[in-house]
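Each chain, written out:
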Amino acid sequence: MTIKTKLYLGLGLLFTLIIIVATMSVFYINALKKDTKNILVANYNTLEYSRDMFISLDQLQQGLLTFESFEESLKKQKTNVTEPGEHEITESIAREIKLLKQEPQSTALTLLIRQEITQLMRINMNAIERKSTIANKTAESAILRISITATICLIVALVLLVNLPGNIANPIRKLTESIKEIANQNYKERVRFESSTEFDQLAKSFNTMAEKLEEYSESKMEKIIKGKKRIEALINNMQDPVIGLDEDKVVLFVNDEALKITGLKADKIIGHQIQEVALNNDLIRDLIREHNATSVEKKLNKTLKIYADSKESYFEKEIIDISITPTGESDLQFIGQVIMLKNITLFKELDVAKTNFIATVSHEFKTPLSSIQMSTVLLKNDKIGKLNEEQVHLIDSITDDSNRLLKITGELLNMTQLESGNMQITMTSNDPVKIIKAALDVIQIQAEQKNIKIETIFSANLPEVQADFEKTVWVFTNILSNAIRYSYENSTISISLQSNESEVLFSIQDYGQGILEQYQTKIFNRYFRVPGTKKEGTGLGLAISKEFIATQEGSITVKSELGSGSTFTVSLKKI
Ligand code: ADP
């Protein structure tokens, strides 16, 4: 039976019973009303008239009243004859009252009339008693029947109350629980209802859906497993060591390369906390130490030197945080990290070879270049022989080129020293003005050639700075030389020296072409030159300067605007 039919039947039955109870109540109340009315109209009124007749008779005898009052009551009684024998008595009273009119003093007649009125009253009293019994019976039967119907009604209502909500709510609850199971990816969940209601249809549709989901999830699972295997194979075949961690730092996967360099067996690391593994493994401990570092420190790619497979290898470590946005959510959720060690041994070897090569070549260039320069000086000397104008011009050009070559070899040598870590720094106390003057001496001729005026603004009582004199002079020579090269002819370069609480600030301002903002940090990178720069150069000068200044715990910055010029500021610690 369907829920709808159940509801119709239950509520319909209840409704019918209520109507029956109501109809019965109305019927019995009407019956009782009729009974009472019957007594009132038929008998009670006769009693009233009889009593009036008695009173009229008494007053007649006392000569207080005429016959009219008696006859009026008798007339009313005539119209209210209801009981058997009542008519005869009433007629008899009428006859006798006529006789009494003729003989008003007749006591025998009066007595007879009294007796007849009394009889009339008795007949009606008996009728009232009889009818009252009937009314009582009607009332008792009404109470009984209404009670029975009301009890049936109550039982039906109770049965409905107990069964109907459960009948509707239980399947819904069962269905809700099953839907929750499906939401929790338990696609094996099915629903079954005992009775065949429309919930059966719902259960069938639900089960079909669950079946399809199960099928889909199984095929999806197969795909996921395949995908996982593919990624595992890929990670295992990678040349670089890879370690994957979950959000609690438990190792999820380690590829063969990582096992090789750590010397660990897979079962000794996979599924274990990385900190736990680090207790017995130096390399993992190294990784963990970095792993706990701040995000800024993490970004600094540190080169690790690892001895594995009977050789020294170099690795660059990268830690990648893995975050996902779970389905239906909007916030990113951190789910773990991947530690990648990029094998840079080959690059390192090539880099060392390149550094060695450049160092050797620049060193080898230095001696012949110096002797070329010496020869040009000698050639220009009149004692050796007078040169014509064209020869002087050629010699000047040779001097310029050898100077440029010497500058380049000098920069390359400095670079190789920095790269190989062979840089020798001798820190002494130095007068900042002396440093600037030494650099000015070197670029004097270069400035004169472009007719550039150099202004100096030095604050009084400048403190001495801690610096390597040679290297710092080299830095300012490079910055000043750049300022001249990238300035227009006949312009000015301003050098200012100021001090604050802890350092001396050297500012070199030119009014040349300036540098676009996007290149202002890049110009300190090795071999970087602003695209489109027409002047000759290696792109090494500022990179070397930055490293020289950094090793002296100072800093170098630039402020520039395209078309207006640039200001390079070097700060060195004061003594
Ligand atoms: P180089 O001058 O040998 O190219 P540097 O490292 O000294 O190498 O300079 C890098 C680049 O920065 C230059 O190529 C040039 O484009 C830019 N640069 C440096 N100084 C200035 C300056 N004062 N004005 C404009 N551009 C400059």
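Residues numbered from 1 in each chain as written. Predicted model: local features only at pLDDT ≥ 70, side-chain atom pairs only at ≥ 80, totals over all residues. Heavy atoms only, no water.

**Here we look at the site of the ligand**
Argument step 1. Taken together, 21 residues lie near the ligand, and Asn 482, Arg 485, Asp 510, Arg 529 and Leu 542 sit nearest.
Argument step 2. Contacts to the ligand include Asn 482, whose side-chain N or O atom sits 2.8 Å from an oxygen atom.
Argument step 3. Arg 529 is positioned such that a nitrogen or oxygen atom in its side chain is 2.6 Å from an oxygen atom of the ligand.
Argument step 4. Calculation on the ligand without its partners gives an accessible area of 530 Å², and the protein chains cover 99% of this total.
Argument step 5. Taken together, the elements giving at least two residues each to the shell around the ligand come down to α14 (469–485), α15 (541–551) and β12 (565–573).
Argument step 6. If one sorts the elements of the shell around the ligand by residue count, α14 sits on top with 4 residues.
Argument step 7. Of the residues assigned to the shell around the ligand, the class counts are 9 nonpolar, 9 polar and 3 charged. (Near = heavy atom within 4 Å. Polar contact = N/O pair within 3.5 Å; in protein donor to acceptor, adjacent residues only side chain to side chain. Areas by Shrake-Rupley, 256 points an atom, 1.4 Å probe, with all protein chains shown as cover. Helix = DSSP H or I, 4+ residues; strand = E, 2+ residues; numbered from the N terminus. Nonpolar A, V, L, I, M, F, W, Y, C, P; charged D, E, K, R; others polar.)

**Side note on the confidence of the model for the chain**
Argument step 1. When pLDDT is averaged across the chain, the result is 88; 97% of the residues are at 70 or more.
Argument step 2. Note on residues 293–301: pLDDT under 50 across the span, and 9 contacts to partners over four residues away in sequence or across chains. (pLDDT = per-residue confidence, 0-100. Contact = heavy atoms within 4.5 Å.)

**Here we look at the pattern of salt bridges**
Argument step 1. Taken as a whole, this structure holds 22 salt bridges when the rule is applied.
Argument step 2. Between Arg 190 and Glu 214 there is a salt bridge; the shortest N-O distance is 2.8 Å. Pair noted here: Arg 190 is in the loop between α4 (107–183) and α5 (198–236) and Glu 214 is in helix α5, with a separation of 24 residues, a long-range link.
Argument step 3. The salt bridge involving Glu 536 is made with Arg 404; its shortest N-O contact spans 2.6 Å. Placement of the pair is Glu 536 in the loop between β10 (503–510) and α15 and Arg 404 in helix α12 (residues 389–420), with a sequence separation of 132 residues.
Argument step 4. What makes Glu 536 exposed here is its relative accessible area of 51%.
Argument step 5. Judged by its relative accessible area of 36%, Arg 404 is partly exposed.
Argument step 6. Shared partners join several salt bridges into a network, and the residues in it are Asp 351, Lys 354, Glu 419, Arg 526 and Glu 547. (Salt bridge = Lys/Arg side-chain N within 4 Å of Asp/Glu carboxyl O. Buried < 20%, exposed > 50% of the residue type's maximum accessible area, 1.4 Å probe, protein only.)

**With respect to the pairing of strand β2 (residues 251–254)**
Argument step 1. In this structure, strand β1 (residues 242–246) lies alongside β2, joined through 3 bridges in antiparallel fashion. Within the sheet, the bridge partner assigned to Ile 243 lies in β2 and is Val 254.
Argument step 2. What sits between β1 and β2 in their antiparallel hairpin is a turn of 4 residues, with Lys 249 showing a positive phi close to 65°. (Pairing = 2+ DSSP bridges.)

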